Amino acid sequence: MTSFIVAALLLILLGLSYSQGYLGGRALAATGVRLHSRPRYHGILVAIWCLLPAILVLGAWALLGPGLMRAFVMSYLPPDVQELGPHQLNAAIRRVEAIASGYGVAGAMEPWETAAGVALRRMREFAFLVVIASAAGLGILGLLFARRRISPRLRARNSVEWLIRLLLLACSVVAVMTTLGIVVSLFNEAIQFFTFVHPFDFFFGTVWNPGFSTTGTAAIGQYGLLPLLWGTVMVAGIAMLVAVPIGLFTAIYLSQYASGRLRAVAKPVIEVLAGIPTIVYGFFALVTVGPYLSRVGSVLGIGINATSALTAGLVMGIMIIPFVSSLSDDIMRQVPRSLRDGSLGLGATPSETIRRVLLPAALPGIVGALLLAVSRAIGETMIVVLAAGNSPVLRFNPAEPVSTITVTIVNQLTGDSDFSGPQSLVAFALGLTLFMITLVLNMVALYIVRRFREQYE
Amino acid sequence: MTSSHPSDAQAVSASSSARDAALHDVGATKPVLANPLTEKDETVRSPDLETREYRLQARDVCVFYGEKQALFDVSLDVPEKAVTSLIGPSGCGKTTFLRCINRMNDTIEGCRVTGKITLDGEDIYDPSLDVVELRSRVGMVFQKPNPFPKSIYENVAYGPRIHGLARSRTEMDEIVEASLKRAGLWSEVKDRLRESGTGLSGGQQQRLCIARAIAVSPEVILMDEPCSALDPIATAVIEELIDELRAHYTIIIVTHSMQQAARVSQKTAFFHLGKLIEEGPTEVIMQTPRHKKTQDYITGRIG
Amino acid sequence: MASPSSTSIKAQADRRRVRVRASLGRRHLVEWLFRGAGLTAIVIALGMVVGLFWIMISKGLPAFTQATLSAEVTFDPDIITAGPPPVRESGQSEADYRAARMAWEGQVARLNWNALVEQAVRNTAPAGMEVDRRTALALVSNIDRHNLRDMFVANPHLLGRTVKVDLLASANTDNWLKGTINRDLPDSRQQLSAATRQLADALYADGKIRFTFAWQIFTNTDSRSAPAAAGLAGAFVGSLYMMLIVIVLAVPIGAASAIYLEEFAPKNRFTDFIEVNINNLAAVPSIVFGLLGAAVFIRYFGLPMSAPIVGGLVLTLMTLPTIIIATRSALRAVPMSLRQAALGIGASHNQTVFHHVLPVTFPAILTASIIGVAQALGETAPLLLIGMNAFVAAIPATPFDKSTALPAQIFLWQGNENRNFFEARTSAAIMVLLALMITLNALAIFLRTRLERRV
């Protein structure tokens, strides 16, 4: 009911103000004067002047109203109820609110409850009337003010356009705010973590053994980053070993050899690999690739764990193939055709042309693409969560389980909303490390790719 | 398989009789103004004014891009150790024809070539022919200078290196030096052979590309509007160079500019809408064209 | 004619011919190998796509049918002793009536519905077969008693009547009949007792147990006590809420910032910074966004854990760069001449952008948005950090309620102890997720081709 009235009020104000502005502009135009702006813009400007104050009033009420009403109810509660704990107090307030809404409560009502309910109901009605009236009043005032400003020389269009641009700018700042939010929140929590654990012990420690948060702060545990970092590097390295040859050769074949038809089919199909959610890869690694590898291992007489750096790296490599191939394909296609023709015209075979001319020319761009792929591999989470075995021990055998930074973030933070202990705060320190590593990789990669593009533009 | 005389192919007999007829024509109508113009559909041929060897011959070459036919039955004899220019309005098929000669059209998808192009009597479209070897015999210089993003030295050494032409460093150095000298670039770059080829000026880049082509010691050099991206001074330098190279190589040049064709070439072929309209000694084409379209083009009525 | 340099050129050409010919064999072999390597790479990559889908589908398809027992259930008045449901009297407040009704439903819930199930199973069993209580209850799913109760609450007139009901077989029965568990394992390692296995086989042979389409995957929420009845409905609604939030927030904000950066922003340090920042944001690992969500939305703003609103906001921030970058490249592709034409006839900068440039890029923006949303739909890692992998057995009514999401549900299921049963069910969930994503992408492609033809 109330939202309906509010919506109706806003709609009425909108219609009224726009038509007033529009008609005002039209009336002026009818006298034969040349207006700076078309009547439409006068309408929009008046509507903004009218709706903005009304919305501000309503917004303020939406923000402050519940608190004020709660204070109002509190004043009606008898002292013994006021001194109850927060849960019972809230229950009492909910009862009063239920009575006020007319829904009623089960069981007998205390006299003060009834009184408070009735008073709250009156207060609500009164407050709502005041809010609606003041919103409407301010809106009308704004309308009248803006209406009076209408003149042939009023640059209504410029004002409206200025507002639109402001709105657009605000939107583009969201991305900056996101980065800022990431940096500030990660730093904030990481610094708290470093009050428990010395940064040196964190960045250079070789043992990862964070106790459980339930055992209390007496046993803080050990938080050495190196086993996790090594696991991350190993898995990402295996992934790149898989993805770089396959991805690069795919890109080479598609951009230099493939017929248009093969290209039109193969390129989107391979890009499907990039669109598959990583949880699916994780599951695939867990139930198919891992057991398969371990069977192969037992046939060959080497012990391969079903969940290991190898499993996770292999599957992650598959996931990264399209990143490598698409980016390299784009880059190779940016190398001017004239270079290729020049080499072929001298009698070079296609592979000589590719190896001696195209790849060297595209090298910076390809390096950039590979760095982006590495950054993606380092930040990948679900595959390693499911398939890497989660064993934060410094090991150098890829056939054994490992743990990575991302896996540990998930383990330390999942299901925990109260992060006061180092056990969960460490997730932010790890997140910060991860963010910094990928940031550097991305910046370098993007810089290289950008320079490369400019070279051939 | 080795060098063959032009008169041995049967296809030539038809054109040589045409040449005789043309010779007769030229002799009969000496005054330029009285030259009766034809508009017939087959190629008008004027005989060469001096005796020349013809090792490169095209017969009834048609080119299709997918469904579209770009070249119609082009037959042309290319004289040895001379410059032949291909002229005509844009889109007339002259570049297409040029690219047929070292099979660069192979690199374009959906492109099909019929007819016969022989080099020393060998059909270059014969499946048994190795396109790599063909291109080592027929070099190409492109419209826009396209040096590789490598050093000047490496640019020139590229061809010899892939073909394994130099057995030693000194041999390679010799090839590079000789090629750059022949391209008239040596004195300008001899102190900065290790610098990037892309850092040279446009004209220098194009001469570098010519040196790169020469380094393979080709027999034929194809040039696709080699001066279209250059300023007049650089153009003049390249034209002089072409004139010098003529002593050693068979050169075919596609050009937009009639003046250029007149300056550098001994033989000219005029293309229009995918057809070879008229061919003959450059002086004849320029001064006494015998086909109406050729005259229209020469006088600037189509272009 | 035969100058000395000319002969040396001829000699060079002859030498070139010999050496080129000598090198040809090796070079063509290298060429062939190189080309083969390229083709192999493509075949491997394509094989991976095919293999991945093949494995998921072959593992997931069996989960779409489930063992169902058709039985006669008698709503025995001796067991159902709760009496008639309360009726609202005049003058009774809504709250009082609700309380009475709740009390009655509570009473109904406490009845021994298992006895009903047990009786029904016993009646269906082949004549002469002794079926004890445990055997009967192990055969069917735990959800059946709830279903019978719900049937009764919805229709109290069933009291004393006998109706034909499809009872869902338990997950273990399903495993046994489908052969997802090794039938030769010794008793001690079987999930079902020998008696139940025998009963299941007998009923299957009788045709009393059939495999029917597993609607519950789509209609039910997750369930711990009755794995056979676990479904995706809750996760689906949770994902739906998140996608709606992403569409409502990310698409307009993303398009607006792309428009600003591409069309209005002056070229200066600040806009350069924004641009670098957006490109970088697109490559930030998704899990970092999860940390952001946990720290900012949950801890600082106090939004609830496990709620689609938080998930939606986090995914919005993640999707934003994708949409911005795609929209910008679409705007960049609009020829300058169009803008100049519009400006030339006196349109303002804003009018040029909104009336002329934007409509042309609309298909591209739409496509980018759909692809961004599809990508967000499959994202898992950040959801784990904001608690969306919690077990939730209800369909969330609002975006502020506890909920899970499709990928998070997959994560939960793959970790379930009943591996034999949940491997298939997880694959089925993956199939549903992939089907949704493919549908979205196909929609994007369809709309792009459709709209681009019109423009």
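Since the structure is predicted, the reported quantities are computational estimates derived from the model, not experimental observations.

S.K.: What is the right way to look at the overall build of chain B in this model?
M.R.: A count of helices and strands for chain B gives 11 helices and 11 strands. Within chain B, buried positions represent 57% of all 303 residues. Accessible area of chain B: about 12700 Å², with a carbon and sulfur share of 51%.

S.K.: Teacher, can you tell me more about the interface of chain B and chain C here?
M.R.: How big an interface is tends to be expressed through the accessible area that disappears when the partners come together. Taken together, the contact pairs 22 residues of chain B with 16 residues of chain C. Buried area between chain B and chain C, summed over both chains or domains, comes out near 1700 Å², and the portion from carbon and sulfur atoms is 45%. Summed over the three residues of chain B that lose the most area to chain C, namely Glu133, Ser217 and His248 of chain B, the buried surface amounts to 28% of that side. Note that glutamate 219 of chain B and arginine 16 of chain C form a salt bridge whose closest N and O atoms lie 2.9 Å from each other. Taken together, chain B and chain C are joined by 11 residue pairs in polar contact (both at pLDDT 80 or more). Elements with a minimum of two residues in the side of chain B that touches chain C: helix 3 (131–137), helix 4 (152–163) and helix 5 (169–182) of chain B. Among the residues making up the side of chain B that touches chain C, the classes are represented as 8 nonpolar, 5 polar and 9 charged.

S.K.: Could you clarify how one ought to interpret the packing of aromatic side chains in this entry?
M.R.: For any pair of aromatic rings, geometry is given as the distance between the ring centres together with the angle between the planes. With the rule as written, the count across this model stands at 28 aromatic pairs over all chains. Arranged with centres 6.3 Å apart and planes meeting at 25°, the rings of phenylalanine 297 of chain C and phenylalanine 301 of chain C form a pair that is stacked. Take phenylalanine 297 of chain C: its relative accessible area is 11%, and that puts it in the buried class. An aromatic cluster of three or more residues is present, and its members are Phe193, Phe194, Phe202, Phe203, Trp208 and Tyr223 of chain A. Stacked on the ring of phenylalanine 64 of chain B, the Lys or Arg arginine 112 of chain B has its end atom at 4.4 Å from the ring centre. Note that arginine 194 of chain B overlies the ring of tyrosine 153 of chain B, its terminal NZ or CZ placed 4.5 Å from the centroid.

S.K.: Could you clarify how one ought to interpret the UniProt feature "domain: ABC transporter" (unreviewed entry) in chain B in this entry?
M.R.: The UniProt record annotates "domain: ABC transporter" (unreviewed entry) at residues 56–298 of chain B. Measuring from the first to the last C-alpha atom of residues 56–298 of chain B gives 26 Å, for a span that is 38% helix and 27% strand.

S.K.: Just checking my understanding: could you explain the interface of chain C and chain A for this structure?
M.R.: Taken together, the contact pairs 82 residues of chain C with 86 residues of chain A. Together chain C and chain A conceal approximately 7200 Å² of surface at their shared face, both sides included; 75% is due to carbon and sulfur atoms. In this structure, glutamate 189 of chain A and arginine 299 of chain C form a salt bridge, with 2.6 Å as the shortest nitrogen-oxygen distance. Applying the counting criterion to the chain C and chain A interface returns 13 residue pairs in polar contact (both at pLDDT 80 or more).

S.K.: Just checking my understanding: could you explain the packing of helix 15 (residues 405–413) of chain A against helix 16 (residues 422–455) of chain A for this structure?
M.R.: When two helices pack together, their arrangement is given by the angle between the helix axes and the distance between those axes. All names here are of chain A. Direction vectors running N to C along helix 15 and helix 16 enclose 155°, while the axes themselves pass 8 Å from each other. Taken together, the axis directions place helix 15 and helix 16 in an arrangement best described as roughly antiparallel. In this structure, helix 15 meets helix 16 at a crossing whose hand is left-handed. Seen from helix 15, the contacting residues are Ile405, Thr406, Thr408, Ile409, Gln412 and Leu413; seen from helix 16, they are Gln423, Ser424, Val426, Ala427, Phe428, Leu430, Gly431 and Leu434. Broken down by class, the residue content of the contact of helix 15 with helix 16 amounts to 8 nonpolar, 6 polar and no charged.

S.K.: Can you walk me through the sheet that holds strand 1 (residues 65–74) of chain C in this structure?
M.R.: Adjacent strands of a sheet form backbone hydrogen bonds with each other and so pair up, either parallel or antiparallel. All names here are of chain C. A sheet is described by the order of its strands in space; here 3 strands give the open sequence 2-1-3, paired in antiparallel fashion. In this open sheet, the two strands that pair with only one neighbour each are strand 2 (162–168) and strand 3 (209–213). Strand-to-strand, the axes of this sheet are offset by a mean angle of 40°, without reference to chain direction. Relative to strand 3, strand 1 runs antiparallel, the two sharing 5 bridges. Residue pairing across strands places alanine 67 opposite phenylalanine 211, the latter belonging to strand 3. Along the sheet, helix 3 (residues 113–124) contacts strand 1 and strand 2; its crossing angle with strand 1, the most-contacted strand, is approximately 100°.

S.K.: Explain the environment of phenylalanine 128 of chain A here, please?
M.R.: Residue and element names in this part refer to chain A. You can see phenylalanine 128 is positioned in helix 5 (residues 111–149). On the accessibility criterion, phenylalanine 128 (19% relative accessible area) is buried. Between the C-alpha atom of phenylalanine 128 and that of proline 79, which follows or precedes it by 49 residues, the distance is 28 Å. Look past the residues within four positions of phenylalanine 128 in its chain and what remains in contact with it is Thr2, Ile5 and Val6.

S.K.: Would you explain the domain arrangement of chain C in this entry?
M.R.: All names here are of chain C. Domain annotation of chain C identifies domain 1 (65–213) and domain 2 (233–454). Between the C-alpha centres of domain 1 and domain 2 the distance comes to 43 Å. In this assembly, 8 residues from domain 1 lie in contact with 4 residues from domain 2. Summed over both sides, the interface of domain 1 with domain 2 buries roughly 480 Å², with 41% coming from carbon and sulfur. On the domain 1 side of the interface with domain 2, the three residues burying the most area are Gln66, Ala171 and Asn175, jointly 56% of the side's total.

S.K.: What's the story with the UniProt feature "transmembrane region" (unreviewed entry) in chain C in this structure? I'm lost.
M.R.: All names here are of chain C. In this numbering, the UniProt entry assigns the feature "transmembrane region" (unreviewed entry) to residues 32–57, 240–261, 281–302, 309–331, 353–374, 381–400 and 428–447. Annotated as 25% helix and 0% strand, the span residues 381–400 places its first and last C-alpha atoms 20 Å apart. Across residues 428–447, helical content stands at 100% and strand content at 0%; the span's end C-alpha atoms are separated by 28 Å.

S.K.: What is the right way to look at the confidence of the model for chain B in this model?
M.R.: In low-pLDDT regions, the fine details of the predicted coordinates are not to be read closely. Residue and element names in this part refer to chain B. Taken over all residues, the pLDDT of chain B has a mean of 85, while the share at 70 or more is 88%. Here helix 1 (residues 10–28) is the element of chain B with the lowest mean pLDDT, 43, and strand 9 (residues 250–254) is the one with the highest, 95. This model gives residues 1–34 a pLDDT under 50, and the stretch forms 27 contacts once residues within four places in sequence are excluded.

S.K.: Would you explain the packing of helix 9 (residues 260–275) of chain A against helix 11 (residues 309–334) of chain A in this entry?
M.R.: Residue and element names in this part refer to chain A. Look at helix 9 against helix 11: their axes get within 7 Å of each other, and the N-to-C directions meet at 135°. The angle between the axes of helix 9 and helix 11 places the two elements in the oblique class. Judged by the twist between their axes, the crossing of helix 9 over helix 11 is left-handed. Of the residues in helix 11, those touching helix 9 at Arg263, Lys267, Ile270, Glu271, Leu273 and Ala274 are Ile318, Met319, Ile321, Pro322, Ser325, Ser326, Asp329, Asp330 and Arg333. Of the residues that constitute the contact of helix 9 with helix 11, the class distribution is 7 nonpolar, 2 polar and 6 charged.

S.K.: It is not clear to me how the side chain of histidine 291 of chain B should be interpreted in this structure. Could you clarify?
M.R.: All names here are of chain B. Its location among the elements puts histidine 291 in the loop between helix 10 (282–287) and helix 11 (292–298). The exposure class of histidine 291 is buried, given its relative accessible area of 3%. Among all residues touching histidine 291, those that are not within four sequence positions of it are Leu37, Thr38, Glu39, Lys40, Val44, Ile277 and Glu278.

S.K.: I would appreciate a short explanation of a nonpolar patch on the surface in the present structure.
M.R.: All names here are of chain A. Together, Leu16, Leu138, Ile140, Leu141 and Leu144 make up an exposed nonpolar region whose accessible area comes to about 420 Å². Residue contributions to the nonpolar patch peak at 4 residues, all from helix 5. Structurally, the position occupied by leucine 138 is in helix 5.

S.K.: I would appreciate a short explanation of the side chain of glutamate 239 of chain B in the present structure.
M.R.: All names here are of chain B. Counting through the fold element by element, glutamate 239 comes out in helix 8 (residues 232–245). Note on glutamate 239: relative accessible area 8%, which makes it buried. Within the local environment of glutamate 239, its side chain forms a polar contact with the side chain of glutamine 260, the two groups lying 2.8 Å apart. When neighbours within four sequence positions are excluded, glutamate 239 is seen to be in contact with Gln260, Arg263 and Val264.

S.K.: Help me understand the state of the cysteines in this model?
M.R.: As used in these notes, a disulfide is a covalent bond between sulfur atoms, one from each of two cysteines. Taken as a whole and judged by the stated rule, the model has 0 disulfides over all chains. Between cysteine 92 of chain B, a cysteine without a disulfide, and cysteine 100 of chain B, which holds the nearest cysteine sulfur, the sulfur-to-sulfur distance is 13 Å.

Rules behind the numbers
Along each chain, residues carry numbers from 1 onward, in the same order as the chain's sequence is written. Chains and ligands are labelled sequentially in the order written, the chains with letters from A and the ligands with numbers from 1. Whole-chain, interface and lining totals are the exception, using all residues; otherwise, since this is a predicted model, local features are given only for residues with pLDDT of at least 70 and side-chain atom pairs are given and counted only at 80 or more. For side-chain calculations, the full set of non-hydrogen atoms in the structure is used, while hydrogens and water are omitted. To qualify as a helix, a DSSP run of H or I must reach at least 4 residues; to qualify as a strand, a run of E must reach at least 2; elements of each kind are numbered from the N terminus. Relative accessible area decides the class of each residue, using a 1.4 Å probe on protein chains only: under 20% of the type maximum gives buried, over 50% gives exposed, and in between gives partly exposed. To measure how exposed things are, a 1.4 Å probe is used in the Shrake-Rupley method; for residues, cover is taken only from the protein chains shown. We call two residues in contact when some of their heavy atoms are within 4.5 Å. Using a 1.4 Å probe, buried area is obtained as the accessible area two parts lose upon being combined, added over both of them. Salt bridges, as used here, are contacts in which a Lys or Arg side-chain nitrogen is within 4 Å of a carboxyl oxygen on Asp or Glu. Pairs of N or O atoms are called polar contacts if they sit within 3.5 Å, as long as, within protein, a hydrogen donor faces a hydrogen acceptor (for residues adjacent in sequence, only side-chain-to-side-chain pairs). All amino acids are sorted into three groups, where Ala, Val, Leu, Ile, Met, Phe, Trp, Tyr, Cys and Pro are nonpolar, Asp, Glu, Lys and Arg are charged, and the leftover types, Gly among them, are polar. Ring pairs are drawn from Phe, Tyr and Trp, using the six-membered ring of Trp, whenever the two centres fall within 6.5 Å, and their geometry is named by plane angle: stacked under 30 degrees, edge-to-face over 60, tilted for the rest. As a reminder, the over-ring test applies to NZ of lysine and CZ of arginine, requiring each to be within 6 Å of the ring centre and within 35 degrees of the ring normal. UniProt positions are given in the numbering used here, feature names are shortened, and annotations may be inferred rather than shown by experiment. For helices, the axis comes from a line fit to the C-alpha atoms of the stretch in contact; other axes are also lines fit to C-alpha atoms, and the angle between any two N-to-C directions lies between 0 and 180 degrees. Put simply, angles under 35 degrees are roughly parallel, angles over 145 are roughly antiparallel, angles from 65 to 115 are roughly perpendicular, and the rest are oblique. Here is the rule for handedness: rotate from the far helix to the near one, and if that takes an anticlockwise turn smaller than a right angle the crossing is left-handed, while a clockwise turn gives right-handed. Two strands qualify as a pair provided that DSSP identifies no fewer than 2 bridges between them. Note that the domain bounds reflect an automated or database-derived domain assignment. Confidence of the predictor at the level of single residues is given by pLDDT, which spans 0 to 100. For patch detection, residues must exceed 30% relative accessible area and be free of salt bridges, and they are connected within 9 Å for like charges or within 5 Å for nonpolar side chains (Val, Leu, Ile, Met, Phe, Trp, Tyr). Cysteine sulfurs are considered disulfide-paired once they come within 2.5 Å of each other.

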